[in-house]
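Next come the chains, spelled out residue by residue.
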Amino acid sequence: MTIQDNILQLKKQKNAVILAHFYQIPAIQDIADFVEDSLGLSQKAAATDADIIVFAGVHFMAETAKIINPEKKVLLPDINAGCSLADSCKFEDFKAFKEKYPDHKVISYINCSAEVKTLSDVICTSGNAVDIVNSFTENQPLIFAPDKNLGGYINKISGRNMLLWDGSCKVHDMLNQEAIIHLKLVHTDAKLIAHPECKATILEIADFVGSTAAMMKFIVQDNAKKYIVATETGIVHQMKKAAPEKEFIIASNDETCSCNDCEYMKLNTLEKLLACLENETPEIILPLHIIEKAKIPILRMLEISNNKKK
Ligand code: 13P
Ligand code: SF4
C-alpha cells in the first residue's frame, strides 16, 4: 500500500477529515478532503461532522478549528508549523497597545494566536476583511491587527483610518516592487495578481488583489493566459489544476531563491500526516477559558460572512 492509501484508510476508519490550505505541498493538497483559504477552511471546520480534524496548515488555523469544535480532536501534522505574522503580535504587547485606545474596537486577522483572539471584537480573513470592517459604523474607531499591509490596503479601499499593529508576514513582506516590475517587463502579456499581505508598493501595481481563494476564482474567470502570482508558491498547484491551459509565474525576488515558500506551511509532509493520524498527535489543546473567549469573535466573523452569502 502507498502512503496515500494508508492515510485514506485511516481517515475512513477514524472518521477524520483532512483540511488543507492552498500553501501545502501538492501531495497533501491532492489527498485532502478540502483545499481552501483560511475563511473556507474555518467554514469547513464549523460544518464538519468528523470526529477528528487533521489540519494541514499552520498552528493558528488548527487552533481556530479547535476553538470552533472544542469537543473534537484537532491534529496538526507538525506542531512547529507556526506563522511569522502571528508571532509578530504577542499577547502582552497587544494588550498594552489596546489599553491605550479604550474607545476602539478590535478587528484581528485570523493569523494571530488564540490569546490575541480573546482581545478581539471580531476576526477577519483576507477573504472577508472588507465586509467585517463595513460591519462597523463609519464613526467607530478601529484597531486592525496584526498585518499592517492588509490593514493598510483595507484603509485605502474603504476610506477608513484604522490604527494598524506593526506586523507582517515574512513571505509576502519581502517581495519587492523592483523585482516584480522586472518580471512584468519580461512577461508583458501577464497580469499581476497579489495577496493583500504584500506591501502597498506591490498592491498598487497589481491587476488583482485578493485572498488565495479570490485569486483562484480570478484566474479561472479572467481571460488572460499568463499571470505573475505574488503569494506563496503552493497555490500554483491548484491554479494549474483549475486552469491547465494558463501559465503561472511565481513572483519571487530572485529566480534562484525559494524565499516565497512559507517555511511553516512546508513543514507538513505526507509522512507526518500519516503519523499524526496513526498516533492522534500532535493535538491542539487549549484552556477552556481561552476557547470560550476566542470563540466569540470567530463566530461573529462566520455569522457576518454567512449573512453576506445569503
Ligand atoms: P488566505 O486567507 O488568503 O488563505 O491567506 C492565509 C495566509 O496565511 C496568507 O499568508
Ligand atoms: Fe504566516 Fe506568511 Fe506563512 Fe501565511 S505565508 S502562514 S502569513 S508566515
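Residues numbered from 1 in each chain as written. Chains lettered and ligands numbered in written order. Predicted model: local features only at pLDDT ≥ 70, side-chain atom pairs only at ≥ 80, totals over all residues. Heavy atoms only, no water.

Right, let's talk about the sheet that holds strand β3 (residues 52-56) for a bit. What the 4 strands build is an open sheet, ordered β2-β1-β3-β4; its pairing is parallel. Two strands close off the open sheet at either side, each with one partner strand: β2 (34-36) and β4 (73-75). Direction aside, the axes of adjacent strands within the sheet are offset by 20° on average. In the sheet, β3 pairs with β4 via 3 bridges, with the strands oriented parallel. Across the sheet, the residue bridging to V54 is L75, located in β4. Contacts from helix α15 (residues 270-279) reach β1 (16-21), β3 and β4, with the element oriented near 160° to β3. (Pairing = 2+ DSSP bridges. Helix = DSSP H or I, 4+ residues; strand = E, 2+ residues; numbered from the N terminus. Axes fitted to C-alpha atoms, helices over the stretch in contact; angles between N-to-C directions. Contact = heavy atoms within 4.5 Å.)

Our focus in this paragraph is the pairing of strand β12 (residues 247-250). As judged from the 4 bridges shared by strand β11 (residues 226-230) and β12, these two strands associate in the parallel manner. Bridge assignment links Y227 to a residue of β12, and that residue is F248. As for the winding sense of the linkage, the β-α-β connection from β11 through helix α14 (residues 235-242) to β12 is right-handed. (Right-handed = clockwise from strand over helix to strand, strands pointing away.)

Quick look at unusual backbone geometry now. Following A145, the chain continues into P146 via a peptide bond in cis, with omega recorded as -10°. Within the secondary structure, P146 is located in the loop between β7 (142-145) and α9 (148-158). Going from T281 to P282, the amide bond is cis rather than trans, its omega being 0°. Topologically, P282 is positioned in the loop between α15 and α16 (288-309). Phi angles above zero are rare outside glycine, and N15 is one such case at about 50°.

All right, on to the site of ligand 1 then. What surrounds ligand 1 is the set H21, Y23, D37, S38, N111, S126, H172, H195, E197, S211 and T212. Between ligand 1 and E197, the relevant distance is 2.8 Å, taken from an oxygen atom to a side-chain nitrogen or oxygen of the residue. Within the complex, the protein chains bury 96% of what would otherwise be the 300 Å² of accessible surface of ligand 1. Here the residues of the shell around ligand 1 sort into 1 nonpolar, 8 polar and 2 charged. (Near = heavy atom within 4 Å. Polar contact = N/O pair within 3.5 Å; in protein donor to acceptor, adjacent residues only side chain to side chain. Areas by Shrake-Rupley, 256 points an atom, 1.4 Å probe, with all protein chains shown as cover. Nonpolar A, V, L, I, M, F, W, Y, C, P; charged D, E, K, R; others polar.)

Turning our eyes to something else, we now look at the pattern of salt bridges. Across all of its chains, the model carries 13 salt bridges by this definition. K170 serves as the salt-bridge partner of E263, at 2.7 Å between the closest nitrogen and oxygen. Residue E263 is found in the loop between β12 and α15, and its partner K170 is found in helix α10 (residues 170-173); the two are separated by 93 residues along the sequence. The exposure class of K170 is partly exposed, given its relative accessible area of 43%. One network of salt bridges, in which partners are shared, links K14, K73 and E280. (Salt bridge = Lys/Arg side-chain N within 4 Å of Asp/Glu carboxyl O. Buried < 20%, exposed > 50% of the residue type's maximum accessible area, 1.4 Å probe, protein only.)

The next thing to look at is the site of ligand 2. Contacts to ligand 2 come from Y23, V58, C83, S84, N111, C169, V171, E197, C262, Y264 and M265. A class-by-class count of the residues in the shell around ligand 2 yields 8 nonpolar, 2 polar and 1 charged.

Take the pairing of β1 next. Burial runs high along β1: 6 of the 6 residues are buried. Alternating positions in β1 separate into two faces, A16, I18 and A20 on one and V17, L19 and H21 on the other, with burial throughout. Bridging between β1 and β3 involves 5 bridges; their strand directions are parallel. By the bridge assignment, A16 is partnered in β3 with I52. Bridge count between β1 and β2: 3 bridges; the pairing is parallel. Bridging across to β2, A20 finds its partner in V35.

The residue Q140 is located in the loop between α8 (129-134) and β7 in this model. A distance of 3.2 Å separates a polar side-chain atom of Q140 from the backbone oxygen of D103. Not counting residues up to four positions away in its chain, the partners in contact with Q140 are D103, H104, K105 and R160.

Listed in full, the buried residues belonging to α9 are N149, L150, G151, I154 and N155. Here the buried face of α9 lies against β5 (105-109), α8, β7, β8 (163-164) and α10. Its side-chain oxygen 3.3 Å from the backbone nitrogen of N149, D147 forms the N-cap of α9. Once α9 finishes, G159 follows within two positions and takes phi at roughly 75°, a positive value.

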